[in-house]
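Working through the structure, step by step
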Amino acid sequence: MGRNTTTMTELVSLALALITGVVLGALFFGGLWWTVRKCISAKQPALWFFGGGLLRMTVALAGFYLIADGHWQRLLAGLLGFVTARMIVTWLTRVADKPIYCAQEASNAPYS
């Protein structure tokens, strides 16, 4: 009975690490998307990029430190969740953004 309890506890901690990794990834990549969109119209875009990047990295690194708690298996599960969130956020932002069609650039080369 002791071994099953330990295994169940390990599975629960790995599942929580995976879910926390997804949340960290959603915050990181969602924040990146938001920062890029904000910088388009910002008066000081470099400040937004630097500040946003610093904040995102700080939250992600602190989150991974707390997830791992000295166990590489939890860290791996958190990283898997983080990468999964990247794919989800990338898919969602492609769906949300409509492509911008620019006018065809004029060419100075003669037609051949």
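Scroll up to find the structure this text is about.
Residues numbered from 1 in each chain as written. Predicted model: local features only at pLDDT ≥ 70, side-chain atom pairs only at ≥ 80, totals over all residues. Heavy atoms only, no water.

On to the packing of aromatic side chains. With the rule as written, the count across this model stands at five aromatic pairs. Arranged with centres 5.6 Å apart and planes meeting at 70°, the rings of Trp34 and Trp48 form a pair that is edge-to-face. Within this pair, whereas Trp34 is found in helix H1 (residues 2-41), its partner Trp48 is found in helix H2 (residues 45-68), the two being separated by 14 residues in sequence. An angle of 65° between the planes, with centres 5.3 Å apart, marks the rings of Phe64 and Phe82 as edge-to-face. With Phe64 in helix H2 and Phe82 in helix H3 (residues 72-96), this pair connects stretches of sequence that are 18 residues apart. Assigned by exposure class, Phe64 and Phe82 land together as buried. (Phe/Tyr/Trp six-rings, centres within 6.5 Å; stacked < 30°, edge-to-face > 60°. Helix = DSSP H or I, 4+ residues; strand = E, 2+ residues; numbered from the N terminus. Buried < 20%, exposed > 50% of the residue type's maximum accessible area, 1.4 Å probe, protein only.)

Residues Ala17, Leu24, Phe28, Phe29, Ala60, Phe64, Ile67, Ala77, Phe82 and Val89 constitute the largest nonpolar core, which totals 10 residues. When contributions to this core are tallied by element, the ones reaching two or more residues are H1, H2 and H3. Looking at which element gives the most residues to this core, the answer is H1, with four residues. If sequence neighbours within four positions are ignored, Phe82 has contacts with Gly21, Val22, Leu24, Gly25, Phe28, Phe29, Ala60 and Phe64. (Core = buried A, V, L, I, M, F, W, Y, C linked by side-chain atoms within 4.5 Å. Contact = heavy atoms within 4.5 Å.)

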